[in-house]
Amino acid sequence: MSLNDREKSQLRSALQEAVIKCSERCLYQSSKWAAELLDAIPATEMSPDDSRLSDVSSGYASTVIAPNADPDEALLEVKEMGKYLLAKSFFDCREYDRCAAVFLPESTLTSIVSPKDANSTPKGKGKGKASVGSARSSSRQAIPNISQRSLFLSLYAKFLSGEKRKDEDAEMVMGPQDIGTCKNSQLTNVSRVLEAWFESRKTDDDEVMEGQGWLEYLYGMILAKEKNDELALYWLVRSVHLFPMNWGCWLEITSLITRVDDLNRVMARLPQNIVSFMFHIYTSLELYQHDATLANSLDQLLNLFPSSSFLLTCNALLSYHAKDLVAAEQNFSYLLSVHPYRLESLDHYSNILYVMESRPKLAFLAHLCSNVDKFRPESCVVIGNYYSLLSLHEKAVQYFRRALTLDRACLSAWTLMGHEYVELKNTHAAIESYRRAVDVNRRDYRAWYGLGQTYEVLEMHAYALWYYKKAAGLRPWDGKMWLAVGSCLQRIGKYPDGIKALKRALLADNYYEAGSSFESASDSMRGDPEILLQIAGMYDTLGEAEEAKAYMEMCLAQEIGPAGDSQGESITIHHDSPGGGSEEGGDGAGRGAGTEGTGVTAATSKARMWLARFAMRTEDYPTANRLATELCQDGVEVEEGKALIREIRSRMQSGDEESAIRGRVQGAPT
């Protein structure tokens, strides 16, 4: 993807307009996103007498106020400029109710909302029709004649006022009042005002006239809060068609997408431009995708915006989701060197350093965040991770609580606090933390997995299985998820399903190359002898001795490296399985000396013991004796190995004696 100078000029103009318009409506996060992208476009060197300079300069918008193409709206904005500046000043001082009251006093809001309440339950057919008509006409009369910009600012301030009051009513995080049931009391009022406004703009064909995209965005956001996802998606898609540079609207669409299929369906309804291209990459990362196509798309955008902090973060998260922790750490380190005062997404960086057990770097990151702004949620999460690595779990909980006091929607804090409560054996608090994380983002597989772990500790395996399946659905090629599902199925006696799940875990381990965020770098499942042992054990329980023997042999083969092609064939369950990602191992110099093998482990020793006993049952005493001798050399099952050797020798000796007696009997004269 490459743009010529004129296209770059148009992109700069669009981003500059987005910065100004978002700032006018106090959408500061969207404004910051657009401003960072604008700054990341490389400047074009031009001489003062260059003929292209006039064309390029004409493409820049005014930095004072964005022009309005609609003459009626422009006239209203000019007339109400004084009141608008007053309302915006109140908003910037976080006096949200005062801001809303500048254009929408309480009496005006009541006149808009109350007609619907009064006429919502008509008593007769004729009266019902009349009441609907009167409600529509009342709404038209009640809507004040103000610009869309002022109406958006007032309603947005009212919405934030309700959010602020909701947090105040919840009081302390995880306290007696914080049970997750507090609601934003202003949602209904804002929703009804917007309904009335859109109703007033309907044509004779019952179609709503196009606006500027801002009120559509606010209406979609309110509907999403009310869990009306389909209608919310309709209005949000309508908004990005009208004004595609509002990144906050794209984020709201992302929050409504839970699966890749949903993303593909939504993409067909969206405008095709560079922002929708970024949206596809960002949402794919939110869905934990990490294929080569996504990496190529991200590289194309980085060529256009080489220093964009947003895209550099996406690049680091791409490596993180692919479980390439070293590359992810390097990408975050580079991002931190380029933008040393940027705290966004550093909680992910701290998770990576925690998994890698890089205590010095995590200490440096915690110190840096504390110096930049110690009262940012990201800073508190980073410091909490540092204390968790030091096994100071009470201190870690304290900082995660502080992060949630600053932002109740901080997903990382809820999930990590659940992990800490698990360490502290406080299962009730852990379950509540994980549930709140799921309420914030239902795509967070870590919270679903944590719920499964906690219920498994409580030996409630049916509940644990349900949550593990949710986590596996979100991360279908993460072996740790399927291992948990398979182990849970094994505990409740569903052995055939457990075998299928564990085979899926084996396939997933070939897909990924490193450990996940739930395990330390030294606790990876790449060798997977434990999984193979579990599968063999379930086959043995089902009485399928040959299958059990085959998987025990595979488990034993992990000591010197991955098994051959027979393993891949035996665990294939789906035709759409990805190709194995593990490299082919070289020939080992001896048992436990392979470059990719696990060496002798407790699992492989158990497999060797089982195979030795199986050989004894089939009277294959030489094989049994060889395996028992290896057991004595392993240093794991030494005493059992010695006892097995004595038993084998006893049987072999008794067998020799029986053979000798039989020979004498057959050779004696009749």
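The rules behind these values
As a convention, each chain's residues are numbered from 1 in the sequence order in which they are written. Local features are withheld for residues below a pLDDT of 70 in this predicted model, meaning they are given only at 70 or higher, and side-chain atom pairs are given and counted only at 80 or more; totals for whole chains, interfaces and linings count all residues. Only hydrogens and water are removed before side-chain values are computed, so all heavy atoms of the structure are retained for them. The axes are straight lines fitted to the C-alpha atoms, using for helices just the contacting stretch, and the angles between their N-to-C directions are given from 0 to 180°. Here a helix means four or more residues in a row that DSSP labels H or I, a strand means two or more in a row labelled E, and each is numbered from the N terminus. Angles below 35 degrees are treated as roughly parallel, those above 145 as roughly antiparallel, those between 65 and 115 as roughly perpendicular, and all remaining angles as oblique. Should the near helix be turned counterclockwise from the far one by less than a right angle, the crossing is left-handed, whereas a clockwise turn marks it as right-handed. Residues are treated as being in contact if the distance between any of their heavy atoms lies within 4.5 Å. Only protein chains enter the accessibility calculation, which uses a 1.4 Å probe. A residue is then buried if its area is under 20% of the maximum for its type, exposed if over 50%, and partly exposed in between. His is not counted, nor are the chain ends, whereas Lys and Arg count as positive and Asp and Glu as negative. The salt bridge definition used is simple: a Lys or Arg side-chain nitrogen within 4 Å of an Asp or Glu carboxyl oxygen. Under this definition, polar contacts are N or O atom pairs within 3.5 Å; protein pairs additionally need one hydrogen-donor-capable and one acceptor-capable atom, and for neighbouring residues in sequence, both atoms have to be side-chain atoms. For every residue, the pLDDT score states the predictor's confidence, bounded by 0 at the bottom and 100 at the top. Ring pairs are drawn from Phe, Tyr and Trp, using the six-membered ring of Trp, whenever the two centres fall within 6.5 Å, and their geometry is named by plane angle: stacked under 30 degrees, edge-to-face over 60, tilted for the rest. When the NZ atom of lysine or the CZ atom of arginine is within 6 Å of a ring's centre and also within 35 degrees of its normal, the charge is said to sit over that ring. Patch definition: residues above 30% relative accessible area lacking any salt bridge, with like charges linked at up to 9 Å and the nonpolar side chains Val, Leu, Ile, Met, Phe, Trp and Tyr linked at up to 5 Å. Each accessible area value is a Shrake-Rupley result obtained with a 1.4 Å probe; residue values ignore everything except the protein chains displayed when judging cover. Only buried residues count toward a nonpolar core, which is a set of Ala, Val, Leu, Ile, Met, Phe, Trp, Tyr and Cys residues joined through side-chain atoms within 4.5 Å. Here the expected length of a helix is defined as 1.5 Å per residue gap, with one fewer gap than residues.

1. Re the packing of helix α11 (residues 214-225) against helix α13 (residues 247-255)
It is the contact of α11 with α13, at a shortest axis distance of 10 Å, that shows an interaxial angle of 30°. It follows that α11 is roughly parallel to α13 by the angle criterion. Between α11 and α13 lies a crossing whose hand is left-handed. Contacts from Tyr217, Met221 and Ala224 of α11 reach α13 at Gly248, Cys249 and Glu252.

2. With respect to the environment of Val382
Relative to the elements of secondary structure, Val382 occurs in helix α21 (residues 377-389). As a C-alpha pair, Val382 and Ala396 span 14 residues in sequence and 9.6 Å in three-dimensional space. Setting aside chain neighbours within four positions, we find Val382 in contact with Leu346, Asp347, Ser350, Leu362, Leu365, Ala366 and Cys369.

3. Focus on the side chain of Arg342
Looking at the secondary structure, you find Arg342 in the loop between α18 (325-338) and α19 (346-355). The buried charged residue Arg342 lacks any salt bridge, with Glu344 as its nearest oppositely charged partner at 4.0 Å. A distance of 3.1 Å separates polar atoms of two side chains, one belonging to Arg342 and the other to Thr313. Apart from residues lying up to four places away in sequence, Arg342 is in contact with Glu36, Ser309, Phe310, Thr313 and Leu335.

4. As for unusual backbone geometry
Among all residues save glycine, negative phi is the norm, and among peptide bonds the norm is trans. Phi is positive for Arg94, close to 60°, though the residue is something other than glycine. With respect to the element layout, Arg94 can be found in the loop between α5 (81-92) and α6 (96-103). Exposure remark for Arg94: the relative accessible area of 60% places this residue in the exposed category. Phi is positive for Lys323, close to 65°, though the residue is something other than glycine. With respect to the secondary-structure elements, Lys323 resides in the loop between α17 (309-321) and α18. Assessed through its relative accessible area of 6%, Lys323 is described here as buried.

5. Structural notes on the confidence of the model for the protein chain
Predicted confidence across the protein chain gives a mean pLDDT of 83, with 82% of residues reaching 70 or more. The weakest mean pLDDT in the protein chain belongs to helix α31 (residues 565-570) at 43; the strongest belongs to α21 at 97. In this model, residues 116-141 is a region of pLDDT below 50 whose contacts with residues beyond four sequence positions or in other chains number 13 contacts. For the stretch residues 513-526, pLDDT sits under 50, and the model shows 32 contacts to residues farther than four places along the chain or on other chains.

6. A look at the packing of aromatic side chains
By the definition in use, this model includes 30 aromatic pairs. Both rings, one in Trp466 and one in Tyr467, keep their centres 5.2 Å apart while their planes meet at 85°; by these two values the pair is edge-to-face. Classification of Tyr467 by relative accessible area gives buried; the value is 7%. Taken together, the ring pairs connect Phe91, Tyr96, Phe152, Tyr156, Phe159, Trp214, Tyr217 and Phe243 into an aromatic cluster. Lying across the ring of Tyr84, Arg149 places its NZ or CZ 3.9 Å from the centre. In this arrangement the basic side chain of Arg475 is found over the ring face of Tyr445, its NZ or CZ atom lying 4.6 Å from the centre.

7. With respect to a nonpolar patch on the surface
A contiguous nonpolar patch, built from Leu458, Met460 and Tyr463 and spanning about 260 Å² of accessible area, is present on the exposed surface. Summarising the element assignment, Leu458 is placed in the loop between α25 (445-457) and α26 (461-474). Taking the relative accessible area as the measure of exposure, Leu458 reaches 36% and is therefore partly exposed.

8. Re the pattern of salt bridges
All told, the structure shown has 25 salt bridges when counted by the stated rule. Salt-bridge contacts for Lys21 lead to Glu17; the nearest nitrogen and oxygen are separated by 3.0 Å. Remark: Glu17 and Lys21 occur in helix α1 (residues 5-24); sequence separation between them is four residues, near one turn of the helix. Among the residues examined, Lys21 registers a relative accessible area of 16% and is labelled buried. A salt bridge links Glu378 to Arg376, with the nearest nitrogen and oxygen atoms 3.2 Å apart. According to the relative accessible area criterion, Arg376 is partly exposed, its value standing at 25%. One network of salt bridges, with partners in common, ties together Glu24, Arg25, Glu77 and Arg149.

9. Focus: the nonpolar core
Ranked by internal contacts, the top residues of the largest apolar core, which has 189 residues, are Ile253 and Phe305. Ignoring any residue separated from it by four or fewer positions in sequence, one finds Phe305 in contact with Leu11, Leu15, Leu37, Ala40, Ile41, Ile274, Met278 and Leu311.

10. Some details on α13
Side chains that are three or four residues apart share a direction in an α-helix, a result of its 3.6 residues per turn. Most of α13 sits inside the fold, with seven of its nine residues counted as buried. Considered for burial, the residues of α13 that qualify are Trp247, Gly248, Cys249, Trp250, Glu252, Ile253 and Thr254. Tucked inside the fold, the buried residues of α13 contact α2 (28-40), α11, α12 (229-242), α14 (260-267), α15 (274-286) and α17.

11. Brief notes about α15
Between its terminal C-alpha atoms α15 stretches 19 Å, which fits the 18 Å expected from 13 residues at 1.5 Å a residue. Where α15 is concerned, the buried positions are Ile274, Val275, Ser276, Met278, Phe279, Ile281, Thr283, Ser284 and Leu285. Its buried side turned inward, α15 meets α1, α2, α13, α14, α16 (292-304) and α17. Capping of α15 at its N-terminal end is provided by Asn273; its side-chain oxygen lies 3.1 Å from the backbone amide nitrogen of Val275. Backbone geometry just downstream of α15 places Tyr288 in the positive-phi region, at approximately 65°.

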